[in-house]
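Here is how the chains run, residue by residue.
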Amino acid sequence: MIMRLLAIVPVVVLLLWSGTAAAERTVVLVTNRGCPISDLSSLQIRKAYLGVSVQVDNSTVRPLRLTSDAELNEIFFQAIVAMSEKSYHRRALSLAVKFGTPRPGEFSSLSGALEALEKSTCGIIFLWTEFAAMHDNGKMVKVLWRGQ
């Protein structure tokens, strides 16, 4: 009986540990430390990513996107802008054509996205927490998504 228990314990610990690690995956919204933005509502974030001008504390929010991470993009379409990829691109293009609103900056590399964030006065970008930690001059504004 004790031998069975000793054989099962490591398996249970491994399963619990892997479940905890997966549940801790988090997407956060990041900006520069010098930006006065301390919080953005979900609606303000959605508007910014659709190309609508968002002003907070006398600063214009400049949205940036890392497009090379498929899972991060899926979270973006489901949890941040709440629309399909096709609908999002159609809507953003429509706003750009009708009102001349700028589209968010899109980057295929993390280094390019972080460099653009560094240069932007009040740029925002959504990243995995481990990527956000790579930006020394960044500050987390909001947790956008938690899950696997």
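Up top is the structure these notes are about.
What counts as what
- Residues numbered from 1 in each chain as written.
- Predicted model: local features only at pLDDT ≥ 70, side-chain atom pairs only at ≥ 80, totals over all residues.
- Heavy atoms only, no water.
- Helix = DSSP H or I, 4+ residues; strand = E, 2+ residues; numbered from the N terminus.
- Buried < 20%, exposed > 50% of the residue type's maximum accessible area, 1.4 Å probe, protein only.
- Contact = heavy atoms within 4.5 Å.
- Areas by Shrake-Rupley, 256 points an atom, 1.4 Å probe, with all protein chains shown as cover.
- Pairing = 2+ DSSP bridges.

## Some details on the overall build of the protein
In step 1: On a plain count of helices and strands, the protein comes out with six helices and seven strands.
In step 2: Within the protein, buried positions represent 38% of all 148 residues.
In step 3: Taking contacts inside the protein between residues at least 6 apart in sequence as the whole, the part at least 24 apart equals 73%.
In step 4: Accessible surface for the protein amounts to roughly 8,800 Å². Of this, 59% is attributable to carbon and sulfur atoms.

## A closer look at the side chain of H135
In step 1: One can find H135 in the loop between α6 (129-132) and β7 (138-147).
In step 2: Non-local contacts of H135, meaning those with residues more than four positions away in its chain, are made with V30, N32, L114, L117 and E118.

## So, the pairing of strand β1 (residues 25-32)
In step 1: Of all eight residues in β1, seven are buried; the element is thus mostly enclosed.
In step 2: Bridge count between β1 and strand β6 (residues 123-128): four bridges; the pairing is antiparallel. Bridging from a neighbouring strand, L29 pairs with F126 of β6.

Note that all results are geometric; they support no functional claim without further evidence.
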